[in-house]
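One-letter residues, chain by chain:
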There are 2 protein chains.
Amino acid sequence: MEDRHEQWQAAERLALTLTEGGMQRMHARTLAAFLFTDAEAITMGEIGERLGVSAGSVSGAVKGLLSVGLIERLPAPGSRREHYHMRDDAWPRLFSTQNTVVHAMLQAAETGIATTEPDDPAHLRLARMRDFYQFLLRELPDLLRRWEQEHSRP
Amino acid sequence: MEDRHEQWQAAERLALTLTEGGMQRMHARTLAAFLFTDAEAITMGEIGERLGVSAGSVSGAVKGLLSVGLIERLPAPGSRREHYHMRDDAWPRLFSTQNTVVHAMLQAAETGIATTEPDDPAHLRLARMRDFYQFLLRELPDLLRRWEQEHSRP
DNA sequence: CCGAATTTTCAGTAATTCCTGAAGCCCTCA
DNA sequence: TGAGGGCTTCAGGAATTACTGAAAATTCGG
């Protein structure tokens, strides 16, 4: 049975998890609203009403979600209000934003290596760090490619 | 040449990156101190001095890093002060903490699916989400296993 | 083009997080 | 077993972050 209250609870829990994973609170709640809505697309006003927050907050969150490609603006069907919905590949995209973090870590390791003598214990630690993130940078794109193949749509 | 100032800068930048990735600020700075030190192991006092923070802050950060297995206490060589250092497998461990997030996401998706009708658009979205996180939960352990194989030469 | 409705921006404020400082505990060594 | 130093805990305060509310800008229908 459709239990909107349970769904709302599940949405808020999901937002909590995303927040702990590093996403901003408002962005997470907004994404959850997009995920759990029973419409194909929703407007900012509807999000604000559903979450009980101001239009300003929604504006900022939608902007952020757009910029990382988790949602997109729908070709407006002649309405004055903009409609948005989750992209089909939102979750792989969210996962792949990590790649920028991986890249930053790799660069940090290389900077450290460059400023350190080979006999410094820090040198060895930094080399291990570099090796691991190089490994990730090589493997993660493969992983996502495999996912896309499994779910190829013609 | 050994440039301690540059190293300190690199350490702080790394801490910044880790913070943006969701780690608490003090935990990140402490981990960076462990990474860049030129000793095999350091004490809380040394960390506090290096970062210019109170003993209380260091205590909390070290506790946190211990609990996720990024650092470990060394078998004390009869000293009054406790010595700690990064574990060799700190970075894979840090990466694998994600698995708990992945698991939480999967569960959130399944909860949503259970409270939603099959003809609800949310149902389809939640199913796609579930599929992706199931895929990750299957593939990520493989990834880490491959890393361990590549780097298990005693 | 004008006007209404939506969206964006931003300063102010509320809330949360984070760090400190000091007191108490524990452990080591004499 | 006592003294001294190191570690932990926690209440309080500082700083950062996040949200609101309202004004300005933008957009689309008329």
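A. Here's a closer look at the overall build of chain A. On a plain count of helices and strands, chain A comes out with seven helices and two strands. Each helix and strand of chain A, placed in order from N terminus to C terminus, yields the pattern α-α-α-α-β-β-α-α-α. Dimensions of chain A, computed from the C-alpha atoms along their principal axes, are close to 65 × 40 × 35 Å. Intrachain contacts of chain A at a sequence separation of at least 6 include 45% that bridge at least 24 residues.

B. Inspection of the protein's contact with DNA strand D at higher detail. Neighbouring residues of DNA strand D: 21 residues in total, closest A:Met26, A:Val53, A:Gly56, B:Gly56 and B:Ser59. Residue assignment for the surface near DNA strand D shows that the elements contributing at least two residues are helix 2 (25-36) and helix 4 (55-67) of chain A together with helix 3 (44-51) and helix 4 (55-67) of chain B. Counting residues per element, the surface near DNA strand D draws most heavily on helix 4 of chain B, which supplies five residues. Looking at the surface near DNA strand D residue by residue, the class counts come to six nonpolar, 10 polar and five charged.

C. Main features of the relation of the copies chain A and chain B. For the match of chain A to chain B, the screw axis carries a shift of 0.0 Å, the RMSD comes to 0.1 Å, and the turn is 180 degrees. The superposition of one copy onto the other is thereby described by a two-fold rotation axis. Taking C-alpha positions as reference, the residue of chain A nearest the rotation axis is A:Gly22, located at 2.1 Å. A symmetric contact is evident, with 100% of the interface residues of chain A recurring at the interface of chain B.

D. The arrangement of the packing of helix 2 (residues 25-36) of chain B against helix 3 of chain B in detail. All names here are of chain B. Contact geometry for helix 2 and helix 3: axes closest at 10 Å, N-to-C directions at 110 degrees. Taken as axis vectors, helix 2 and helix 3 run roughly perpendicular relative to one another. Contacts between helix 2 and helix 3 involve Arg 29, Thr 30 and Ala 33 on the former and, on the latter, Ile 47, Arg 50 and Leu 51. For the contact of helix 2 with helix 3, the class distribution of residues is three nonpolar, one polar and two charged.

E. Spotlight on the interface of chain A and chain B. With 41 residues of chain A at the contact, the number on the chain B side is 41 residues. Of all the elements in the fold, those that place two or more residues in the side of chain A that touches chain B are helix 1 (4-20), helix 2, helix 5 (90-96), helix 6 (98-114) and helix 7 (121-150) of chain A. Counted by class, the side of chain A that touches chain B contains 20 nonpolar, nine polar and 12 charged residues.

F. How the structure looks around the nonpolar core. Ranked by internal contacts, the top residues of the largest apolar core, which has 38 residues, are A:Tyr133, B:Ala11, B:Leu31, B:Ala32 and B:Leu35. The set of elements that each furnish at least two residues to this core consists of helix 6 and helix 7 of chain A together with helix 1 (4-20), helix 2, helix 3, helix 4, strand 2 (84-86) and helix 5 (90-96) of chain B. Among the nonpolar cores identified, the runner-up in size contains 36 residues, and A:Ala28, A:Ala33, A:Phe34 and A:Leu70 belong to it.

G. Representation of the packing of helix 6 of chain A against helix 1 of chain B. It is the contact of helix 6 of chain A with helix 1 of chain B, at a shortest axis distance of 9 Å, that shows an interaxial angle of 165 degrees. Judged on the interaxial angle alone, helix 1 of chain B and helix 6 of chain A are roughly antiparallel. Regarding helix 6 of chain A and helix 1 of chain B, the two cross each other, and that crossing is left-handed. Between helix 6 of chain A, through A:Val101, A:Ala104, A:Met105, A:Ala108, A:Thr111 and A:Gly112, and helix 1 of chain B, the contact on the second element is made entirely by B:Gln7, B:Ala10, B:Arg13, B:Leu14 and B:Thr17. Of the residues belonging to the contact of helix 6 of chain A with helix 1 of chain B, the class tally is six nonpolar, four polar and one charged.

H. Layout of helix 1 of chain A. Residue and element names in this part refer to chain A. With 17 residues, helix 1 should cover 24 Å at 1.5 Å per step; its first-to-last C-alpha distance of 24 Å lies within 8% of that length. Every buried residue of helix 1 is accounted for by Gln 7, Ala 10, Ala 11, Leu 14, Ala 15 and Leu 18. End-on, the buried residues of helix 1 take up no more than an arc of 140 degrees, which puts them together on one face. Gly 22 lies just past helix 1 and shows a positive phi near 115 degrees.

Rules used throughout
Residues numbered from 1 in each chain as written. Chains lettered and ligands numbered in written order. Predicted model: local features only at pLDDT ≥ 70, side-chain atom pairs only at ≥ 80, totals over all residues. Helix = DSSP H or I, 4+ residues; strand = E, 2+ residues; numbered from the N terminus. Contact = placed C-beta atoms within 7 Å. Near = placed C-beta within 6 Å. Nonpolar A, V, L, I, M, F, W, Y, C, P; charged D, E, K, R; others polar. Least-squares fit on C-alpha atoms with pLDDT ≥ 70 in both. Axes fitted to C-alpha atoms, helices over the stretch in contact; angles between N-to-C directions. Parallel < 35°, antiparallel > 145°, perpendicular 65-115°, else oblique. Core = buried A, V, L, I, M, F, W, Y, C linked by C-beta atoms within 7 Å. Buried ≥ 20, exposed ≤ 12 C-beta atoms within 10 Å, placed from the backbone. Left-handed = near helix turned anticlockwise from the far one by under 90°. Expected span 1.5 Å × (residues − 1). Arc of directions from axis to C-beta.

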